[in-house]
Amino acid sequence: MQKLKRLLKKTKIHKPIKKILFTLSGLKVKKGFEFVATKGLVKIPKTVIFEPTIKCNLNCQMCYQKEERIRGKKDLTLEEIKKIFLNLKKENKIKKVALIGAEVFMRPDIFEIIGFLNNLNIKVYIQTNGTLISKATVERLRELKNITGIGSSLDGKKELHNKIRGRSNAFDKLFQAMDLLKKYFTITINTVIMDENIDQILDIAKLLKQASIFNYSLQFEMAATPEEIGESRKLLGINISDFAVEVKADNNFSFGLDKLLNILEKLNQIRGLDITIQPRIFNKYPEFYFNGTLRENCSNLYCKEINAIRINAQGEVIFCPFIKKSFGSLLEKDLEGIWNSQNFRDFRIRLLKNNLTPVCKRCCRLGLIQAESKK
């Protein structure tokens, strides 16, 4: 255990690089935990995570949104988006928005959306797969003064990345986009750690350094078994259709923790890269997190999504990317009427009472209230 702690201390895995996604919006978790756990009440954050569209031009193997596309739900119109964010700014003083996918540039009016947020003095972080970025795209983005950073994903060397992303030119398009964007914006690249790419993590890091991309983030593949989804549904009292997570019969990794730690140690030897692995709780309890046994071994787990406003492409306030239960539409109610409604409060209470759910066990948004483990 001491060896693990020494390795993790040497590896830069605890410095957050996406502040827009990790802001706790004024709530001091340790002091506020009991209040949230017993009352379900949470102060309205100043940051919004918004999915402007469900559309995407790729077919990623680990995507959790495929079922939603099959259902054929319509995206919000530009006017509906303006109405929602005008209210959020006026009534709730929203300061930051993270635009995430599906693929945000599938919306032809995405520049108008960002421009409208700019007029409201709202900062914007953009997550994109990079395949739709052109010189013209970059020039239009440069005209907007509220973009704080742009993120994308790289899952392996060329052949593997294209296979995982389901498109033969995804790799080349991504690097073309990074080359165009890095001159003007802070770029962060994320890799999802999975069986298929564990032997290429070091190669990815070297590719990024060669491309002069210096912010590199890693997180673990998020998947659940049918049994874990079923148990999570019962614990939360919600429907199976409220879950949007990759389903696997066995979601354990084929590689061991020692192998991963060895890779992290080598990553730390690559000078000039700011490397982060999410969630930070992995730093403290690597074995429990890696083996998917955090709930059994650590009391008082916390989910950072509790302190994030997440709005889907239909204008509904949902809990997170994987538990997409809707608590109300911002086209029908204001945020005040949704955020601390009895329904949402009861959900938070059940979530914390059960020490989260089996589906949550490898989420990148896991947190810890109480530092001690059960063992």
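We now turn to the structure provided with this report. Predicted model, so just to flag it, every value in this text is computed and none were measured.

## Looking at the overall build of the protein
Regarding its fold elements, the protein presents 17 helices and 14 strands. Considering only residue pairs separated by 6 or more positions, the protein has 77% of its internal contacts joining residues 24 or more positions apart. When the accessible surface of the protein is totalled, it reaches about 16700 Å², and 49% of it is carbon and sulfur.

## A closer look at unusual backbone geometry
Between G101 and A102 the backbone carries a cis peptide bond, its omega angle lying at 15°. The amide bond that connects Q278 to the next residue, P279, takes the cis arrangement and shows omega of 0°. Structurally, P279 is set in the loop between β9 (274–278) and α13 (281–284). Positioned with a positive phi, S212 is a non-glycine residue whose angle comes to about 60°. Summarising the element assignment, S212 is placed in the loop between α10 (201–210) and β6 (215–220). Phi angles above zero are rare outside glycine, and N355 is one such case at about 55°. Looking at where N355 falls in the secondary structure, it is placed in the loop between α17 (342–353) and β14 (366–368). When its relative accessible area of 10% is taken as the criterion, N355 is described as buried.

## Some remarks on the sheet that holds strand β5 (residues 187–193)
Pairing is mixed across the open sheet formed by ten strands, whose spatial order is β9-β6-β5-β4-β3-β2-β1-β11-β12-β13. Here the strands that pair on one side only, and so sit at the sheet edges, are β9 and β13 (326–329). Averaged over neighbouring strand pairs, the angle between their axes works out to 25° when direction is ignored. As paired elements, strand β2 (residues 96–99) and strand β3 (residues 123–127) share four bridges and run parallel to each other. Across the sheet, the residue bridging to A98 is Y125, located in β3.

Quick notes on the rules
- Residues numbered from 1 in each chain as written.
- Predicted model: local features only at pLDDT ≥ 70, side-chain atom pairs only at ≥ 80, totals over all residues.
- Heavy atoms only, no water.
- Helix = DSSP H or I, 4+ residues; strand = E, 2+ residues; numbered from the N terminus.
- Contact = heavy atoms within 4.5 Å.
- Areas by Shrake-Rupley, 256 points an atom, 1.4 Å probe, with all protein chains shown as cover.
- Buried < 20%, exposed > 50% of the residue type's maximum accessible area, 1.4 Å probe, protein only.
- Pairing = 2+ DSSP bridges.
- Axes fitted to C-alpha atoms, helices over the stretch in contact; angles between N-to-C directions.

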